[in-house]
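Remarks on the overall topology
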Amino acid sequence: MPELPEVETIARGLAKRVAGDAIESVWLGSKPEPLKSTASEIVSALESKRILDVRRLGKHIVFDLEAGNNGTGRAQWIVHLGMTGSLLVCSPESELAKHTHAIVRLASGRELRFVDPRRFGRLSVIEKFEAPGAEPLQISFENFAALFRGRKTPIKSALLNQKLLSGVGNIYADEALFRAGIRPRRRAASLTRDDLRRLHLSLKRVLKEAIRLGGSSISDYLDANGDEGFFQLKHRVYGREGKPCRVCKSPIKRIVIAGRSSHYCPKCQK
Ligand SMILES: [Zn+2]
């Protein structure tokens, strides 16, 4: 599942390719699951609109659309990629992938296609989208620390709670906890101010580093260009069960917390 750095990479790639282009027409497939707004709402919000910008909010891709000719307010097209969703910019001649659920025809002659084999991705239109949680790259230390006050859940679960922080997923939660030296099962409320300071810093660092490297390629994630990210080469704990810690050589452990795999070093993390 793409996480914040992957979605950021995809949104930046899309902004480079389609910002400024106009949407001529929209085709939507017959499968109902990918549509969170109705088909007619999506078509009328998108058709004949210019794409002003493409950016990431939480794990969502936001297309800012120009206001319509009749002066109606600006709309946003929101794409959530789910587990296997992808957005491809291609020529109309390129072969139609299986599981294509939407085709947006652009004035430049290209097409923007939404492909999603497992159909957990969602398309919607809204006037102004707001992610439910705080933006992890922007949150101040005081606000970050306040998120975990009094929380009895493991810190790992709190990091994954999208109502607290928007866009942090399994990989980057494990990697940030390793870099901060904190075990994933620690109760969130038990973290000291020093622990929280290290966690705040390492979460931002790990997300920024991953964005710089174009995200992690796990199974079938690719960016808008079809290129793979390289952050997986830097994983210190995620997916490294039994392998030696890159710092102390102890074997990395894997445990399950709230149904999700968590990886940590029993010596470097307390
Ligand atoms: Zn270690």
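Scroll up to find the structure this text is about.
Structure report, in brief. (Residues numbered from 1 in each chain as written. Predicted model: local features only at pLDDT ≥ 70, side-chain atom pairs only at ≥ 80, totals over all residues. Heavy atoms only, no water.)

Overview of the overall build of the chain
Looking only at helices and strands, the chain features six helices and 10 strands. Against the globule reference of 18 Å for 270 residues, the chain gives a C-alpha radius of gyration of 20 Å, in line with a compact fold. Its C-alpha atoms give the chain principal-axis dimensions of about 60 × 35 × 30 Å. Out of the 270 residues in the chain, the part that is buried amounts to 51%. If you take every contact in the chain between residues at least 6 apart in sequence, the share linking residues at least 24 apart comes to 63%. Accessible surface computed for the chain: about 12900 Å², of which carbon and sulfur atoms make up 50%. Distance between charge centres in the chain, computed from 47 positive and 29 negative side chains, equals 11 Å. (Helix = DSSP H or I, 4+ residues; strand = E, 2+ residues; numbered from the N terminus. Rg over C-alpha atoms; globule rule 2.2 N^0.38 Å. Buried < 20%, exposed > 50% of the residue type's maximum accessible area, 1.4 Å probe, protein only. Contact = heavy atoms within 4.5 Å. Areas by Shrake-Rupley, 256 points an atom, 1.4 Å probe, with all protein chains shown as cover. Lys, Arg positive; Asp, Glu negative; His and termini not counted. Charge placed at Lys NZ, Arg CZ, Asp CG, Glu CD.)

Focus on the pattern of salt bridges
Pairing between side chains becomes possible if they bear opposite charge and their charged atoms approach one another. Here the structure, examined in full by the defined rule, presents 14 salt bridges. For Arg-55, the salt bridge identified is with Asp-64, shortest N-O distance 2.6 Å. By relative accessible area, Arg-55 is classed as partly exposed at 31%. Residue Arg-113 pairs with Glu-111 through a salt bridge whose shortest N-O separation is 3.0 Å. (Salt bridge = Lys/Arg side-chain N within 4 Å of Asp/Glu carboxyl O.)

Focus on the coordination of the zinc ion
The protein atoms donating to the zinc ion are Cys-245 (SG), Cys-248 (SG), Cys-265 (SG) and Cys-268 (SG), with metal-donor distances spanning 2.2 to 2.4 Å. For the zinc ion, the four donor atoms in the first shell make angles of 98 to 113° at the metal, a pattern classed as tetrahedral. Sequence spacing of the donor residues for the zinc ion, all on one chain, is C-x2-C-x16-C-x2-C. Within this pair, whereas Cys-248 is found in the loop between helix H6 (193–212) and strand E9 (253–257), its partner Cys-268 is found in the segment after strand E10 (260–264), the two being separated by 20 residues in sequence. Relative accessible area serves as the criterion here: at 24%, Cys-268 is assigned to the partly exposed category. (Donors = N, O, S within 2.8 Å, 3.2 Å for Na, K, Ca; no water. Tetrahedral: all angles 85-135°; square planar, octahedral: opposite > 155°, others 65-115°.)

Here we look at a positive patch on the surface
Where like charges cluster on the molecular surface, the positive patch consists of Arg-212, Lys-234, Arg-236, Lys-243 and Arg-246. Relative to the helices and strands, Lys-243 resides in the loop between H6 and E9. Relative accessible area serves as the criterion here: at 45%, Lys-243 is assigned to the partly exposed category. (Patch = residues over 30% accessible without salt bridge, like charges linked within 9 Å, V, L, I, M, F, W, Y side chains within 5 Å.)

Focus: the packing of aromatic side chains
Across all of its chains, the model carries two aromatic pairs by this definition. When the centroid spacing of 5.0 Å and the interplanar angle of 75° are considered together, the rings of Phe-144 and Phe-148 count as edge-to-face. The ring of Phe-141 is capped by Arg-197, whose NZ or CZ atom sits 4.2 Å from the centre of that ring. (Phe/Tyr/Trp six-rings, centres within 6.5 Å; stacked < 30°, edge-to-face > 60°. Lys NZ or Arg CZ within 6 Å of the ring centre and 35° of its normal.)

Some points on the packing of helix H5 (residues 170–180) against H6
The contact between H5 and H6 brings their axes to 8 Å, and the two run at 130°. Classified by the interaxial angle, the pair formed by H5 and H6 is oblique. For the pair H5 and H6, the crossing hand works out as right-handed. Mapping the contact onto sequence places Tyr-172, Glu-175, Ala-176, Leu-177, Arg-179 and Ala-180 in H5 and Arg-198, Leu-199, Ser-202, Leu-203, Val-206, Leu-207, Glu-209 and Ala-210 in H6. Classifying every residue of the contact of H5 with H6 by side-chain character gives nine nonpolar, one polar and four charged. (Axes fitted to C-alpha atoms, helices over the stretch in contact; angles between N-to-C directions. Parallel < 35°, antiparallel > 145°, perpendicular 65-115°, else oblique. Left-handed = near helix turned anticlockwise from the far one by under 90°. Nonpolar A, V, L, I, M, F, W, Y, C, P; charged D, E, K, R; others polar.)

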